[in-house]
Amino acid sequence: MAMLIFTVCGSFWLEIVFKIGVLRRIKRVALSVLPISACFLAWDAYAISQGHWFFDREQMLGIVGPFSIPLEEYLFFIVVPMAAIMTIEGVTTVKPHWRKDEFGE
Amino acid sequence: MIYSDIAIIAFSIAVMADLFLFKNSLLTRPAFWTSYAIILPFQFITNWWLTSKNIVMYDPDAIVGLRIFSAPAEDLLFGFALILGVMDMWEFWGRRGMQRDPRSSKSKDKNDKN
């Protein structure tokens, strides 16, 4: 959980300082994050079921969602992708000429 | 399949999709690599935290065994695929005119029905 808060603190300030307006474009965020996260959550579910990785229950909130995936993992696949979007939006705000290729304009 | 196999597959799919499926490859653009260079150290920090404190643990039989800052090397492929996939989707919707403008939540493209 601390790791997730760290990620939020590390990226969401871009929203205010650079006015990247990612949170305002929540529909585009959702449509970008959810399809990819769904794939990764399927991977997560498989890896947990196969014991590829496992978690220390003592160091977690202890809330486990569907497919034996802990709440933190679900949040991870929302927070980390949003941080990624904010990063590239922050970069293209500082370097607007890199935005040119974005829409082939 | 172990973590290593799936990580390589996920990485390959993300790279192939970026190069050939999405018309405007992020992998050829400085905006992506600059963003990745910013994200990577943070991934090392958070991954190191999660693995060195044994919050997340890995079956030794599911990974190759090479560790970078305490985290399995496979995590780099995992993170790369996740970030590239999400950014590609973000660009995909942007190119289709969805919510391009940071100052407005409205879509401008006539093709977008919202």
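Residues numbered from 1 in each chain as written. Chains lettered and ligands numbered in written order. Predicted model: local features only at pLDDT ≥ 70, side-chain atom pairs only at ≥ 80, totals over all residues.

> Got a minute to help me understand the overall build of chain A in this structure?
Scanning chain A from terminus to terminus reveals 3 helices and 1 strand. Moving toward the C terminus, one meets the helices and strands of chain A in the order α-α-β-α. Taking 105 residues into account, the globule formula puts the C-alpha radius of gyration at 13 Å, and chain A, at 16 Å, lies well above it. On the principal axes, the C-alpha backbone points of chain A span a range of 45 × 25 × 20 Å. In chain A, buried positions account for 34% of the 105 residues. Taking all contacts inside chain A whose residues are at least 6 apart in sequence as the whole, residues at least 24 apart take part in 66%. (Helix = DSSP H or I, 4+ residues; strand = E, 2+ residues; numbered from the N terminus. Rg over C-alpha atoms; globule rule 2.2 N^0.38 Å. Buried ≥ 20, exposed ≤ 12 C-beta atoms within 10 Å, placed from the backbone. Contact = placed C-beta atoms within 7 Å.)

> Even after reading the chapter, I still don't get the packing of helix α1 (residues 2-17) of chain A against helix α3 (residues 71-94) of chain A, so can you show me in this structure?
Axis angle and axis distance: for two packed helices, these are the angle between their axes and the distance between the axes, and together they describe the pair. Residues and elements named next belong to chain A. The geometry of α1 relative to α3 is characterised by a closest axis approach of 9 Å and an angle of 30 degrees between their N-to-C directions. On the basis of the axis angle, α1 is roughly parallel to α3. Our pair here, α1 against α3, has a crossing hand that is left-handed. Residues Leu4, Thr7, Val8, Gly10, Ser11, Phe12, Leu14 and Glu15 of α1 pack against Glu72, Leu75, Phe76, Val79, Val80, Ala83, Met86, Thr87 and Gly90 of α3. For the contact of α1 with α3, the per-class residue count stands at 10 nonpolar, 5 polar and 2 charged. (Axes fitted to C-alpha atoms, helices over the stretch in contact; angles between N-to-C directions. Parallel < 35°, antiparallel > 145°, perpendicular 65-115°, else oblique. Left-handed = near helix turned anticlockwise from the far one by under 90°. Nonpolar A, V, L, I, M, F, W, Y, C, P; charged D, E, K, R; others polar.)

> So what exactly am I meant to see when it comes to the nonpolar core here?
Soluble globular proteins tend to bury their nonpolar side chains together. Counting 47 residues, the largest nonpolar core has Ala84(A), Ile85(A), Leu82(B), Ile83(B), Val86(B) and Met87(B) as the members making the most contacts within it. Residue assignment for this core shows that the elements contributing at least two residues are α1, α2 (26-50) and α3 of chain A together with α1 (3-21), α2 (30-52), β1 (56-58) and α3 (74-95) of chain B. The contact partners of Ile83(B), leaving out residues within four places of it in the chain, are Ala84(A), Tyr36(B) and Ile39(B). (Core = buried A, V, L, I, M, F, W, Y, C linked by C-beta atoms within 7 Å.)

> Quick question: what am I supposed to make of the packing of α2(A) against α3(A) here?
All names here are of chain A. Contact pair α2 / α3: the axes reach a minimum separation of 9 Å and the direction vectors enclose 135 degrees. Looking at the two axes, α2 sits oblique to α3. Relative to α3, the crossing made by α2 is right-handed. Counting all contacts with α2, which are made through Val29, Ser32, Val33, Ile36, Ser37, Phe40, Leu41 and Asp44, the residues of α3 involved are Glu73, Phe77, Ile78, Pro81, Met82 and Ile85.

> In this structure, what is going on with unusual backbone geometry? I would like to understand it.
Apart from glycine, the bulk of residues carry a negative phi angle, and the bulk of peptide bonds sit in the trans form. Phi at Lys19(A) is positive, roughly 50 degrees, even though this residue is not glycine. Relative to the helices and strands, Lys19(A) is located in the loop between α1 and α2.

> Even after reading the chapter, I still don't get the environment of Leu14(A), so can you show me in this structure?
Residues and elements named next belong to chain A. Topologically, Leu14 is positioned in helix α1. Leu14 gets classed as buried once you count the C-beta atoms within 10 Å, which come to 20. It is 9.7 Å that separates the C-alpha atoms of Leu14 and Val91, two residues lying 77 residues apart in sequence. Excluding anything up to four places from it in sequence, Leu14 contacts Ile20, Met86 and Gly90.

> Looking at this model, I keep getting lost on the environment of Phe40(A). Mind explaining?
By the element assignment, Phe40(A) lies in helix α2. Phe40(A) gets classed as buried once you count the C-beta atoms within 10 Å, which come to 20. Each C-alpha atom, one on Phe40(A) and one on Trp98(A), is 29 Å from the other, the two residues being 58 residues apart in sequence. In this structure Phe40(A) touches Phe77(A) and Leu82(B), once residues within four positions along its chain are discounted.

> I would appreciate a short explanation of the interface of chain B and chain A in the present structure.
Size of an interface: often given as the accessible area lost when the parts come together. If you look at the interface, chain B gives 41 residues, while chain A gives 39 residues. Among the residues making up the side of chain B that touches chain A, the classes are represented as 26 nonpolar, 9 polar and 6 charged.

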